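Structural description and commentary
In case you want the letters, here they are:
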Amino acid sequence: MGSTGTVLRELRGAQKTAKGVSLYSRHVNRPAGRVLAAGAYRVGLSPNQVTLVSAAFTLAAILTVALAEPSWALGAAVYAGLAIGFAFDSADGQLARLTGKGGPDGEWLDHVVDCAKMILVHTAVLVSFYRFAELPSDGWLLLPLGFLFVAVLTFCAGLLREQLGKAAAVARPAPAGGPAGPVSRVRAVALLPADYGVFCLVFLLSGAPGIFLAGYAALAAVHALFLVAFFAKWFRELRALRAD
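Fair warning: this is a prediction, and the values are worked out from it, not measured in the lab.

Calculation rules
For every chain, the first residue of the written sequence is number 1, and numbering continues from 1 onward in sequence order. Totals for whole chains, interfaces and linings use all residues, but because this is a predicted model, local features are given only for residues with pLDDT of at least 70 and pairs of side-chain atoms are given and counted only at 80 or more. To obtain the side-chain values, all non-hydrogen atoms of the structure were included, while hydrogens and water were left out. Under the scheme used here, helices are H or I runs from DSSP no shorter than 4 residues and strands are E runs no shorter than 2 residues, and both carry numbers assigned from the N terminus. With a 1.4 Å probe rolled over the protein chains alone, any residue whose accessible area is under 20% of its type maximum counts as buried; one over 50% counts as exposed, and the rest are partly exposed. Whether two residues are in contact is decided by their heavy atoms, any of which lying within 4.5 Å being enough. Accessible surface area values rest on a Shrake-Rupley calculation with a 1.4 Å probe, where residue burial reflects the displayed protein chains alone. What makes a patch is a set of residues exposed beyond 30% relative accessible area and free of salt bridges, joined within 9 Å when like-charged and within 5 Å when nonpolar (Val, Leu, Ile, Met, Phe, Trp, Tyr). Between Lys or Arg on one side and Asp or Glu on the other, a salt bridge is scored when a side-chain nitrogen of the former is within 4 Å of a carboxyl oxygen of the latter. Axis lines are fitted through C-alpha atoms, for helices just across the contact stretch, and the angle between N-to-C directions can take any value from 0 to 180 degrees. Here roughly perpendicular refers to angles of 65 to 115 degrees, roughly parallel to angles under 35, roughly antiparallel to angles over 145, and oblique to all remaining angles. For a crossing to be left-handed, the near helix must be turned anticlockwise from the far one by less than a right angle; the clockwise case is right-handed. As a per-residue measure, pLDDT tells how confident the predictor is, with possible values from 0 to 100. Note on aromatic contacts: the rings of Phe and Tyr and the six-membered ring of Trp form a pair at centre separations within 6.5 Å, being stacked when their planes are under 30 degrees apart, edge-to-face when over 60 apart, and tilted otherwise. Charged means Asp, Glu, Lys or Arg here, nonpolar means Ala, Val, Leu, Ile, Met, Phe, Trp, Tyr, Cys or Pro, and polar covers whatever is left, Gly included.

Glancing now at the overall build of the chain. Each helix and strand in the chain was counted, giving nine helices and zero strands. Each of the 244 residues in the chain was classed as buried or not, and the buried ones make up 39%. When contacts within the chain are restricted to residue pairs at least 6 apart in sequence, those whose partners lie at least 24 apart make up 83%. When the accessible surface of the chain is split by element, carbon and sulfur atoms take 69% of a total near 13100 Å².

Structure representation (structure tokens):
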């Protein structure tokens, strides 16, 4: 077993492409996940165990949202739990690539945890709104349900797009071509509002319920716009695969 520095260098070399990744994931979450993956490797954790650690941090933060009255301290604790859970979510894949111990079971578990956290975090906001918030009207209780719908639909549609693309790649040889184009910084910035790590930041506003509500609503609207854009893009891509 090499030194931590050696492990970090190997993890950096096994990093997935940065294309289509927001600045937060590229410069914050992935580097943090790399450090956690190196630590997990040193203590002998498996990728699936790291996934479960991610789930534990995330679930603890989500339960805090649902059960405790909002405050600045609670918001900081929730953000820390969600952010650490997200970093471990990056670490499990990095550890799998480093050790070669990844497999369908690990990918399945990772996706199940991702889907569960999307459902639970917005459900927890709904519970918090109902228990603690002084909303302008009861109609605002529909906001977390709408956000939940958009988040899960985006996740499932994106995952299905990925799997259908892989199936098409197996069914026909890829055309000859040059190396992939450069990573777009403009795209990385544009994707920031859709990044889960950026979403987690909204909980830092928990001490000011009105500001939190406005920030959460703004993110919900932005995610809905991204859903429309992603749907159009994915549909065009899949249609092109059929045409080929």
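It is worth spelling out a nonpolar patch on the surface at this point. Together, Leu 59, Leu 63, Leu 67, Ile 119 and Leu 120 make up a nonpolar patch on the protein surface, roughly 430 Å² of accessible area in all. Elements that contribute at least two residues to the nonpolar patch include exactly helix 3 (47-67) and helix 5 (104-132). If you tally residues by element for the nonpolar patch, the top one is helix 3, at three residues. Checked against the element boundaries, Leu 59 lands in helix 3.

What follows covers the pattern of salt bridges. Per the counting criterion, the structure on display carries five salt bridges. Notably, a salt bridge pairs Lys 233 with Glu 237, separated by 2.6 Å at the nearest N-O pair. Of the two residues, Lys 233 and Glu 237 both sit in helix 9 (residues 209-243), four residues apart, roughly one turn of that helix. Because the salt bridges share partners, they merge into one network encompassing Asp 89, Asp 114 and Lys 117.

Put simply, helix 2 (residues 23-43) and helix 4 (residues 72-99) touch, their axes get as near as 7 Å, and they point 65° apart. When the interaxial angle is binned, helix 2 and helix 4 end up roughly perpendicular. Of the two possible hands of crossing, helix 2 and helix 4 adopt the one that is right-handed. In this structure, helix 2 uses Tyr 24, Ser 25, Asn 29, Arg 30, Ala 32, Gly 33, Arg 34, Leu 36, Ala 37, Ala 40 and Tyr 41 to contact helix 4, whose residues at the interface are Tyr 79, Ala 83, Ile 84, Phe 86, Ala 87, Phe 88, Ser 90, Ala 91, Gln 94, Leu 95, Leu 98 and Thr 99.

Time to look at the confidence of the model for the chain. In the predicted model, the chain carries a mean pLDDT of 88, and 86% of its residues have values of at least 70. Within the chain, helix 3 carries the highest mean pLDDT (97), whereas helix 1 (residues 4-13) carries the lowest (65). Here residues 176-180 is modelled with pLDDT under 50, and outside its nearest four sequence neighbours on either side it reaches zero contacts, counting other chains as well.

Turning our eyes to something else, we now look at the packing of aromatic side chains. The geometry of two aromatic rings is summed up by the distance between their centres and the angle between their planes. Tallied over the full model, the rule gives 15 aromatic pairs. Taking 6.2 Å as the distance between ring centres and 80° as the angle between the ring planes, the aromatic pair formed by Phe 129 and Phe 212 counts as edge-to-face. You can see Phe 129 sitting in helix 5 and its partner Phe 212 sitting in helix 9, a full 83 residues away along the chain. Taking relative accessible area as the criterion, Phe 129 reaches 5% and is therefore assigned buried. Among the residues examined, Phe 212 registers a relative accessible area of 8% and is labelled buried. Each ring, one from Phe 203 and one from Phe 212, has its centre 5.6 Å from the other, and the planes form 45°; the classification is tilted. We note that Phe 203, like Phe 212, is buried. Linked through ring pairs, Tyr 24, Phe 86, Phe 129, Phe 147, Tyr 196, Phe 199, Phe 203, Phe 212 and Tyr 216 together constitute an aromatic cluster.

A word on the packing of helix 3 against helix 4. Following both chains from N to C, one finds helix 3 and helix 4 inclined at 165°, their axes separated by 8 Å at the closest point. In terms of their interaxial angle, helix 3 and helix 4 are classed as roughly antiparallel. Crossing of helix 3 against helix 4: the hand is left-handed. Grouping the amino acids of the contact of helix 3 with helix 4 by side-chain chemistry returns 15 nonpolar, seven polar and two charged.

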